Amino acid sequence: MMRRSWVGALGALGLLVAGQQGAFAHDWSRDDTCGTGTYDAYFYPGGDPLDWYVSSVAAATGGCYMYTYAEYGGSSEAAIWYLPHDSIYNHTFAGKPKIPSNWGCTGDPVRYERWAGGTSNGVTSNHWVDQDALSAPTWTTALTGSFAASSSGSGYVKMVDLTNVTSQRVCADQFTYDDQ
Amino acid sequence: MPVSRKVAVTVVAVAVATLSLMLASNSSAPLVAQQSYERPNLPPPGPELDRARETVTFEIPMPRTLPQGAELLNVVYTAPGLGQPDHSSYSTVDIWYALPDGRRLHVWLTDRQDLEERGRAPHQEARSRPVELGNGTWYETVLTDREPDATVLARTVGRVTVTLDVQGEAKGLRAMAASY
């Protein structure tokens, strides 16, 4: 009788866990961690390191953010925020960069690329984002799209320093994937 | 309380605690990484490097020496045909190594041929100084806008520009550069 009670209790618990798995939010958010040398494991500032700069401001996540300067005609620097390589993140997300207006980030559209299934599958879609217009609220949706990790790659968003102008700040701080 | 009942209570308590931890770790609040090293759940970097070798428009030079304990962490590349119109004539490869003390070492490679025209060739960097490492001249720049400082070493060999950077102690970086 007692054994049956245990089995029943554990079974109910198992069902509860299984039910919760389906209900878990898959929101995901990563920060640049300011070029401290021990970056967030899911954030990668790529390209020429000589053109990445660090600015310390209290409003930035972690107390600072990174920026580069806009290029015209060909991108050089890129910031990447990965999703984990796990099928539970095969979802549609709203991508939200955190960029307050007083950081002086460019008002000229910056290209955010959605690489839904990793690098070898190529760019899935491009989204042109006015970083200066993300100011209020600070979590404005910059892009929406689905992601699907495959054996050859994890989904990610890559912000590149390509605009129609030069010499303006292109900024990278925290980026949130809001499950839709 | 009978022993069997104590066992049952213990089992259920452990299960409830486990469930609580699962729920807490999957809460809807965005997860922001701490500034400590964390092995990411990303696809294995070795096969990604192989795919980069098969895809990019140049032969990827590799060092004979890495800093002690360095492990390949992540590889990202761009190449013609991956959906970035501005990358129709050149490729880039970013390789990150994890160092045992939690830092990252970054390698950026490109066969972009307009770096000099754009004032971005290694020898044109105003903050740099030439250093003899191995069989060649590298251009070393120290970036002081972050804590700790970052050291960047860059050199163009043939069609390919190689740039290495790490924050903090840079002895291993110079030895690595000398082995290209």
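Conventions and cut-offs
- Residues numbered from 1 in each chain as written.
- Chains lettered and ligands numbered in written order.
- Predicted model: local features only at pLDDT ≥ 70, side-chain atom pairs only at ≥ 80, totals over all residues.
- Heavy atoms only, no water.
- Core = buried A, V, L, I, M, F, W, Y, C linked by side-chain atoms within 4.5 Å.
- Buried < 20%, exposed > 50% of the residue type's maximum accessible area, 1.4 Å probe, protein only.
- Helix = DSSP H or I, 4+ residues; strand = E, 2+ residues; numbered from the N terminus.
- 1 Å grid on protein atoms, 1.4 Å probe; cavity = no way out; pocket = protein on both sides within 12 Å on 5 of 7 lines; lining within 4 Å.
- Points joined across faces, edges and corners; volume = space filled by probe spheres on them.
- Nonpolar A, V, L, I, M, F, W, Y, C, P; charged D, E, K, R; others polar.

The subject of this paragraph is the nonpolar core. Ranked by size, the top nonpolar core spans 76 residues in total, and within it Trp81(A), Tyr112(A), Met159(A), Tyr177(A), Val93(B), Val107(B) and Leu109(B) carry the most contacts. The element contributing the most residues to this core is strand S2 (residues 92–98) of chain B, with five residues.

A word on empty space enclosed by the protein. One simple way to see leftover space: roll a probe sized like a water molecule over the atoms. Evaluation of the coordinates by the stated rule reveals four cavities of 30 Å³ or more. Put simply, the largest cavity is a space of about 170 Å³. Going through the elements one at a time, strand S2 (43–46) of chain A together with strand S3 (104–110), strand S6 (150–157) and strand S7 (160–167) of chain B are the ones with two or more residues in the lining of the largest cavity. Counted as a void, the second largest cavity has a volume near 120 Å³. In this structure, the second largest cavity is lined by 17 residues; those nearest its centre are Ala78(A), Lys158(A), Thr78(B), Thr92(B) and Asp94(B). Counting only elements with at least two residues in the lining of the second largest cavity, the list comes to strand S5 (78–82) and strand S10 (156–160) of chain A together with strand S1 (71–78) and S2 of chain B. Element by element, the count of residues in the lining of the second largest cavity is highest for S1(B), at three residues. Across the lining of the second largest cavity, the residue classes break down as six nonpolar, eight polar and three charged.

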